[in-house]
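Chains, contacts and geometry: an overview
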Amino acid sequence: MTRKNPLALLAGLCLLTLAGNSLAQGSDIIDIAYTRYVLDNGLTLIVHEDHKAPIVAVNMWYDVGSADEKPGKTGFAHLFEHLMFNGSENYNDDYFKPFDRVGATGMNGTTNFDRTNYFQVVPKTALDMALWMESDRMGHMLGAVDQARLDEQRGVVQNEKRQGENQPYGKVFLTIFENMYPDAHPYDHSVIGSLEDLDAASLEDVHEWFKRYYGAANAVIAIAGDVEPEDVKARVEKYFGHIAAGPPLIKPAIAVEKRTQSSRMLMEDRVPQARVYKVWAVAPYGDPDLEYLDMAGDVLATGKNSRLYKRLVYEDQIATDVVAGVFGRELGGLFFVWATAQPGQDLAQVEQVLDEEIKRFLKEGPTKVEMERSRTGKHAGFVRGAERIGGFGGKSDILASGEVYYGDAGAYKEVQRRIIGATRQDIRGAANRWLSAGEFVLEVHPFPDYAVRPSTVDRSQGVPQVSEFPEGRFPDRETTTLSNGTKVVLATRSAIPVVQFSLLMNAGYAADQFGKPGTANLAMAMLDEGTRTRDALRISDELERLGAELSAGSNLDMSSVNLSALRANLDPSLELYADVILNPSFPGKEFDRLKKQQLAAIKREKTQPFSMALRVFPRLMYGEGHAYGLPLTGSGTEASVQSLSVDELKDFHSTWFKPNNATLVVVGDITMAELRPKLEKHFGKWRQGEVPAKNLGDVDLPDATSVYIIDRPDSEQSIIFAGHLAPPKSDSEQLAIEAMNDILGGSFTARINMNLREDKHWSYGARSLVFDTAAQRPFIAFAPVQTDKTAESIAEINKEVTGIRGDAMPPTEEELAKIKDQKTLTLPGRWETNGAVLGDIVQMQRFGLPDDHWSTYAATVRALSLADVSRQAERVLQPGKMTWVIVGDRAKIESGIRDLGLGEVRFLDPDGNPVADN
């Protein structure tokens, strides 16, 4: 269950407001056709048909959020979101379990200031099951919420709060909300609430919250997918029609009055860089100015050609990042601008430049080119987002949010029209109007005379059983080899007019063994910073005008260059793509700027608990000289990056970028007959050459357990890592290894998480994974836990790893059956998007998986036996040879860790260097 923070909410708003391009006059507005019903009990139903895959998205929105909370009772909305996943009267068990058995995907729940939602995507044959589950927790919930369950989830939420606030800048937004709004204002506190209020929440309080806000008349259910509206209406009436509407509600309807005085506050935190935030109160949902301000945010800080990025990051190089945009809400939004100073940079100078550029924008407004970039980007993003039926920003999400926020599921069209028709004067006017704004308004409406139908569902029979499942079919692929030796793999998919490319080079972070740590990372970051004929700003401008997206990066094994292009603009997009791949110029000015940013990123990694462990773990497991023995983040060390030169990046490119070392994966609206001539045209002159072989030799496991502590004074949590090396992804028993790990710690309902989160609520989430690599890969169990339970949590993780290996706690038939269902029944929804298909083809290429891997996947998984899984637990897991790395406050955790007697306790700095034991 995820609570959306302000950054995520900002992204969510953008998904709603993405629209049109500079050439559009209304005809390019995406149509998400829907049918709207209101049941007799007030429940609003929105249905959208999308028959491209045999799946259905169920998206339930309740018009209640943290803004409805009273002083002293903060965090109730989010706490109840958690409780809704813990069982109802007729299914008193974890909500995820039946969905795991039918192939559900994208399941989650979120809370923000204005609403709470729950969503899942299921095979179409499981729609009745999903409706039964959603209706059971709407209409039959309170009998399952007892004191023990409240205490359990209270602890989980409190650890979620600690985990969020334990990060650098983790307390910034709480400080902003508390100072932007007066006491008792609906938005004066964070969504997750305070620890004190959560402690004080009584069972009676929680029950009252549900009775007040979780009635049918306060809810919207949006259903999208392979369905027929009238059939859906009948099913929804069957399962929800008997549920009471709920009481009349008094909803907050406050708009913040304009602030006439500036205010300033200084706070200190354990962060590597100074950062300045500027926030204004702005228009609420429904006001055209919100869209105009969203476009203003694009002009100021979206893309390398945006004003603030270009000035602060690109030209003056006094900041490493800059953000601007709207945070839309029902009672009045916020407009954020923030910038992170380069290490050692005077923050006052950063703020001065921010003020200069904002003042210039308020005076001049946007240019025609800036308006065009904003519109094109929003159009391209909306096209890509509308491919999905569920999840954040999918079509069901767009329709539900429109109904709740605007009273109109089709509100996105009006938002698009506003952006298409926006003028420079509109943008400039909105920007000048909203230094701050608002007034208090209380609206009172007659409460309709709702009726409740008699229930026709016999809930004593339990959850409806799903006996039929659609089959998932991996798309057919074609392969060819270009005249230069490049292998090409194509999956033709015509659902949307977009073509995606991923050029894979067998390089990655592991290639740094031939140079300096961080080389692959920086070299790939430099690819789009200039070619022989284009500088970085021209590349960025062309991409924005074409509605294309280009990125480059590395993982441990591969370096890749990726392109997503609109079919209509494919030829110029491919020409730009090839230029970036074949002709990077690695300009010195851009090199200096990106080197500073990578050094700043390393500093951030060394202050964040999770990345601190990822930096040191590989060297401890693989040792010196192995290609995988460098920081798992790929960023390198401060010393290695500081000493890098442009020539070393050029050497990386000339060494690894060879057609005989490359595979091009293509997915989208194109045939091989169309594709190959274009590729020959743009890549035909690329020449082959020798490529070095990386050291991926096997490493023996250690003879005994090792324990390392990285001191992070005043840390509110400890991060526990434990692991050792395991067989590679290409191992013949790979699927049995994965199934074993999924039972142990690979999912929400796996043993480690159910132990540390659900049973003991010491952690917000704990997992184990087998990190996919081409050679021996790390098995890692990890958990962020409250500081005073560090040693106890280590003992529990060790108990789980040890127990699954033998007779004490062997895998069970029920656990294995659940894993089989999760892995096979999700396949119809797994390949809904082009990006998902591309990702799985890339996986086949990276790990050398057979061509029939996905077509035989389901049958192979279904054939797994308990003996297969138990054999891999004995073979792979070696608890007596694990390496433990704990990041936390040494003064508070060292004694308890020593008392466990796992092995010698040693100490490391954030770079993994030994620290004296004193």
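Notes on the structure follow. (Residues numbered from 1 in each chain as written. Predicted model: local features only at pLDDT ≥ 70, side-chain atom pairs only at ≥ 80, totals over all residues. Heavy atoms only, no water.)

What to know about the overall build of the protein
Counting secondary structure elements, the protein contains 33 helices and 22 strands. Over its C-alpha atoms the protein spans a radius of gyration of 27 Å, differing by no more than 12% from the 29 Å that the globule rule assigns to 918 residues. Judged by the C-alpha coordinates and their principal axes, the protein covers about 80 × 75 × 60 Å. Buried residues in the protein amount to 60% of all 918 residues. Across the protein, every contact between residues at least 6 apart in sequence was considered, and the portion connecting residues at least 24 apart equals 82%. (Helix = DSSP H or I, 4+ residues; strand = E, 2+ residues; numbered from the N terminus. Rg over C-alpha atoms; globule rule 2.2 N^0.38 Å. Buried < 20%, exposed > 50% of the residue type's maximum accessible area, 1.4 Å probe, protein only. Contact = heavy atoms within 4.5 Å.)

Remarks on the environment of Ile804
Along the chain, the position of Ile804 falls in the loop between helix H27 (790-803) and helix H28 (813-825). Judged by its relative accessible area of 1%, Ile804 falls in the buried class. In this structure the C-alpha to C-alpha distance between Ile804 and Ala783, which are 21 residues apart in sequence, comes to 18 Å. Not counting chain neighbours up to four residues away, the residues in contact with Ile804 comprise Met740, Ile743, Leu744, Arg751, Met809, Pro810, Pro811, Ala873 and Leu877.

A word on the packing of aromatic side chains
For any two aromatic rings, the description comes down to two numbers: the centre-to-centre distance and the angle of the planes. With the rule as written, the count across this model stands at 37 aromatic pairs. A ring pair is formed by Tyr62 and Tyr214, whose centres lie 4.3 Å apart and whose planes are at 40°; its orientation type is tilted. Here Tyr62 is found in strand S3 (residues 55-62), whereas its partner Tyr214 is found in the loop between helix H8 (203-213) and strand S6 (219-225), with 152 residues between them in sequence. Exposure class is identical for Tyr62 and Tyr214. Each is buried. Centre to centre, the rings of Phe119 and Phe392 are 5.2 Å apart; their planes meet at 70°, and the pair counts as edge-to-face. (Phe/Tyr/Trp six-rings, centres within 6.5 Å; stacked < 30°, edge-to-face > 60°.)

With respect to the side chain of His626
Secondary-structure assignment places His626 in the loop between helix H21 (609-622) and helix H22 (638-642). A residue is classified by how much of its surface remains accessible, and His626, at 7% relative accessible area, is buried. At 3.0 Å, the side chain of His626 and the backbone nitrogen of Tyr628 are in polar contact. Residues in contact with His626, not counting those within four places in the same chain, are Asn695, Leu696, Gly697 and Val699. (Polar contact = N/O pair within 3.5 Å; in protein donor to acceptor, adjacent residues only side chain to side chain.)

Side note on the pattern of salt bridges
Summed over the entire model, instances satisfying the criterion amount to 79 salt bridges. Among the ionic pairs, Glu716 bridges to Lys171, the shortest N-O distance being 3.3 Å. Within this pair, whereas Glu716 is found in the loop between strand S16 (706-711) and strand S17 (717-726), its partner Lys171 is found in the loop between helix H5 (147-165) and helix H6 (172-180), the two being separated by 545 residues in sequence. Look at Glu716 and you get partly exposed, because its relative accessible area is 29%. Between Arg593 and Glu529 there is a salt bridge, with the nearest N and O atoms lying 2.6 Å from each other. With Arg593 in helix H20 (residues 588-605) and Glu529 in the loop between helix H17 (519-526) and helix H18 (536-546), the pair connects residues that are 64 residues apart, well separated along the chain. Each member of the pair, Arg593 as well as Glu529, is classed as buried. (Salt bridge = Lys/Arg side-chain N within 4 Å of Asp/Glu carboxyl O.)

Quick look at the environment of Gly765
Tracing the backbone shows Gly765 in the loop between helix H26 (751-759) and strand S18 (767-770). In sequence terms Gly765 and Glu69 are 696 residues apart; their C-alpha atoms lie 26 Å from each other. With sequence-adjacent residues up to four places away left out, Gly765 is seen in contact with Asn753, Ala783 and Pro784.

Some details on unusual backbone geometry
Unusually for a residue other than glycine, Ala184 sits at a positive phi of about 75°. Among the secondary structure elements, Ala184 is positioned in the loop between H6 and helix H7 (195-200). The phi angle at Gln317 is positive, at roughly 55°, despite the residue not being glycine.

Observations concerning the sheet that holds strand S7 (residues 275-282)
One open sheet holds the three strands; their spatial order is S7-S9-S8, and the pairing between them is antiparallel. The open sheet terminates on both sides in strands that have one partner only, identified here as S7 and strand S8 (319-327). Each neighbouring strand pair of the sheet contributes to a mean axis angle of 5°, computed without reference to strand direction. Note: S8 against strand S9 (residues 333-341), eight bridges, orientation antiparallel. Pairing of Ala324 across the sheet is with Val337, part of S9. Together, S7, S8 and S9 form the strand contacts of helix H10 (residues 288-301), whose direction differs from that of S8 by roughly 170°. Where helix H12 (residues 347-364) meets the sheet, it contacts S7, S8 and S9, and its direction lies at approximately 35° from that of S7. (Pairing = 2+ DSSP bridges. Axes fitted to C-alpha atoms, helices over the stretch in contact; angles between N-to-C directions.)

Section: the sheet that holds strand S14 (residues 559-566)
One open sheet holds the six strands; their spatial order is S10-S11-S15-S12-S14-S13, and the pairing between them is mixed. Looking at which strands have only one partner, the edges of the open sheet turn out to be strand S10 (478-481) and strand S13 (549-554). Between one strand and the next, the sheet's axes are offset by a mean angle of 15°, whatever the strand orientation. Bridging between strand S12 (residues 498-505) and S14 involves eight bridges; their strand directions are antiparallel. What sits directly across from Leu504, in S14, is Ser560. The sheet strands contacting helix H24 (residues 672-683) are S10, strand S11 (487-492), S12 and strand S15 (662-668), and the helix crosses S10 at an angle near 25°.

Describing the packing of helix H2 (residues 76-83) against H8
Remark: H2 packs on H8, axes separated minimally by 11 Å, with the N-to-C direction vectors making an angle of 85°. If you check the angle between H2 and H8, you find them roughly perpendicular. Of H8, the residues touching H2 (which contributes Phe76, Ala77, Leu79, Phe80 and Leu83) are Asp205, Val206, Trp209 and Phe210. Split by residue class, the contact of H2 with H8 holds eight nonpolar, no polar and one charged. (Parallel < 35°, antiparallel > 145°, perpendicular 65-115°, else oblique. Nonpolar A, V, L, I, M, F, W, Y, C, P; charged D, E, K, R; others polar.)

Geometry only, nothing functional implied.
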